[in-house]
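# Observations on the three-dimensional arrangement
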Amino acid sequence: MRIKLEYSSIQDAQKLLEKMFDDFNKKFYEGKLMPAMITIMKSRHSKELGWASPTRIWYQKELDSKGNPIRFYEINICADALYLTSADIAEVMLHEMAHVYGAQYNIKETSRSGCYHNKKFKVIAEQHGLDCSKTNNGFNNTSLNDVAKDFIKQMNYGELKLARDRYYTKKSSYIRYVCPSCGSIIRSTKPVHVLCIDCNVRFQYSETRSKQG
């Protein structure tokens, strides 16, 4: 009987994620997925658990026999998602591996900057260990199918013993208006119609800018 492992450091978490990728590649993709760099970085917004790069953004500095760098896709499991159980982390990994498959075989499985998951994503995911249900963002809601559940149970992955607090920077924006006569500037958080009293002309829209709060 295999002993269930417990992971207590970021290095352990990295090893677990890399093992999951290798195991799932063999089990669900017949080893056909290109190797990927597995990273652990902070999520960009509150609902994000992971992402996969649409291009091979990592490369080895050493060149191959043809004089080209060896390149890799990136799969990130968000640092503040490490509180999940190993089964839930496995589902995130399989979700992102489906995106890598789409990128590798030039299948446009998402739109709207990767937010909307179309029927092509559903087909890929359901052929490789996942069930999909539809939301406002297409078929982005995934869960482990029975085959994947049994496989993960059989592999007896351990649980991570560390997690990261979830912090997010609030973003807001303001609209910049300029007086066409004297060049005075005002800012507003909503569209306004304002006169420059000195020049008796209306401020004109200039631009909308984001700011961190």
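Helix and strand content of the protein chain: four helices and 15 strands. A buried classification covers 38% of the 213 residues belonging to the protein chain. Considering only residue pairs separated by 6 or more positions, the protein chain has 57% of its internal contacts joining residues 24 or more positions apart. With the model as given, the accessible surface of the protein chain reaches about 13500 Å², and the carbon-plus-sulfur share is 49%.

Our next topic: the pairing of strand 5 (residues 69-77). For strand 2 (residues 36-39) and strand 5, the ladder comprises four bridges, and the chain directions are parallel. By the bridge assignment, methionine 37 is partnered in strand 5 with glutamate 74. Relative to strand 5, strand 3 (residues 50-52) runs antiparallel, the two sharing three bridges. Residue pairing for strand 5: tryptophan 51 is matched across the bridge by asparagine 76.

Turning our eyes to something else, we now look at helix 1 (residues 10-29). Because each turn of an α-helix spans 3.6 residues, side chains separated by three or four positions end up pointing in the same direction. Here helix 1 contains 20 residues, and its C-alpha end-to-end distance of 27 Å stays within 8% of the 28 Å for a straight helix at 1.5 Å per residue. Restricting attention to buried positions, one finds in helix 1 the residues Asp12, Ala13, Leu16, Leu17, Met20, Phe21, Asp23, Phe24, Asn25, Phe28 and Tyr29. Glutamate 30 occupies a position one or two residues after helix 1 and carries a positive phi of about 55 degrees.

Turning our eyes to something else, we now look at the environment of threonine 110. Examined against the element boundaries, threonine 110 turns out to sit in strand 6 (residues 110-111). Among the residues examined, threonine 110 registers a relative accessible area of 14% and is labelled buried. Not counting the four nearest positions on each side in its chain, threonine 110 is found in contact with His99, Tyr116, His117 and Asn118.

Attention now moves to unusual backbone geometry. The phi angle at asparagine 106 is positive, at roughly 55 degrees, despite the residue not being glycine. Relative to the elements of secondary structure, asparagine 106 occurs in the loop between helix 2 (86-104) and strand 6. One non-glycine residue, arginine 112, lies in the positive phi region at around 55 degrees. Position of arginine 112 relative to the elements: it lies in the loop between strand 6 and strand 7 (116-117).

Attention now moves to the layout of surface pockets. Size it by volume and the largest pocket reaches roughly 1000 Å³. What lines the largest pocket is a set of 31 residues, among which Gly50, His95, His99, Gly114 and His117 lie closest to the centre. Every element with two or more residues in the lining of the largest pocket is listed here: strand 3, helix 2 and strand 9 (138-144). For the lining of the largest pocket, the element with the highest residue contribution is helix 2, accounting for seven residues. Grouping the amino acids of the lining of the largest pocket by side-chain chemistry returns eight nonpolar, 16 polar and seven charged.

So, about a nonpolar patch on the surface. A cluster of nonpolar side chains, contributed by Met37, Ile57 and Trp58, occupies part of the molecular surface with about 260 Å² of accessible area. Here tryptophan 58 is to be found in strand 4 (residues 58-63). A residue is classified by how much of its surface remains accessible, and tryptophan 58, at 36% relative accessible area, is partly exposed.

Another aspect to go through is the nonpolar core. One finds Phe24, Ile75, Met93 and Met97 to be the most contacted residues of the largest nonpolar core, which totals 44 residues. Elements with a minimum of two residues in this core: helix 1, strand 2, strand 5, helix 2, helix 3 (119-126), strand 8 (130-135), strand 9 and helix 4 (146-155). Per element, the largest residue contribution to this core is 10 residues, and it comes from helix 2. Once you skip the residues sitting within four places of it in the chain, phenylalanine 24 turns out to touch Tyr29, Ala90, Met93, Leu94, Met97, Phe151, Ile152 and Tyr157. Core analysis: the second largest hydrophobic core is formed by five residues, Ile175, Tyr177, Cys179 and Cys196 among them.

Calculation criteria
- Residues numbered from 1 in each chain as written.
- Predicted model: local features only at pLDDT ≥ 70, side-chain atom pairs only at ≥ 80, totals over all residues.
- Heavy atoms only, no water.
- Helix = DSSP H or I, 4+ residues; strand = E, 2+ residues; numbered from the N terminus.
- Buried < 20%, exposed > 50% of the residue type's maximum accessible area, 1.4 Å probe, protein only.
- Contact = heavy atoms within 4.5 Å.
- Areas by Shrake-Rupley, 256 points an atom, 1.4 Å probe, with all protein chains shown as cover.
- Pairing = 2+ DSSP bridges.
- Expected span 1.5 Å × (residues − 1).
- 1 Å grid on protein atoms, 1.4 Å probe; cavity = no way out; pocket = protein on both sides within 12 Å on 5 of 7 lines; lining within 4 Å.
- Points joined across faces, edges and corners; volume = space filled by probe spheres on them.
- Nonpolar A, V, L, I, M, F, W, Y, C, P; charged D, E, K, R; others polar.
- Patch = residues over 30% accessible without salt bridge, like charges linked within 9 Å, V, L, I, M, F, W, Y side chains within 5 Å.
- Salt bridge = Lys/Arg side-chain N within 4 Å of Asp/Glu carboxyl O.
- Core = buried A, V, L, I, M, F, W, Y, C linked by side-chain atoms within 4.5 Å.

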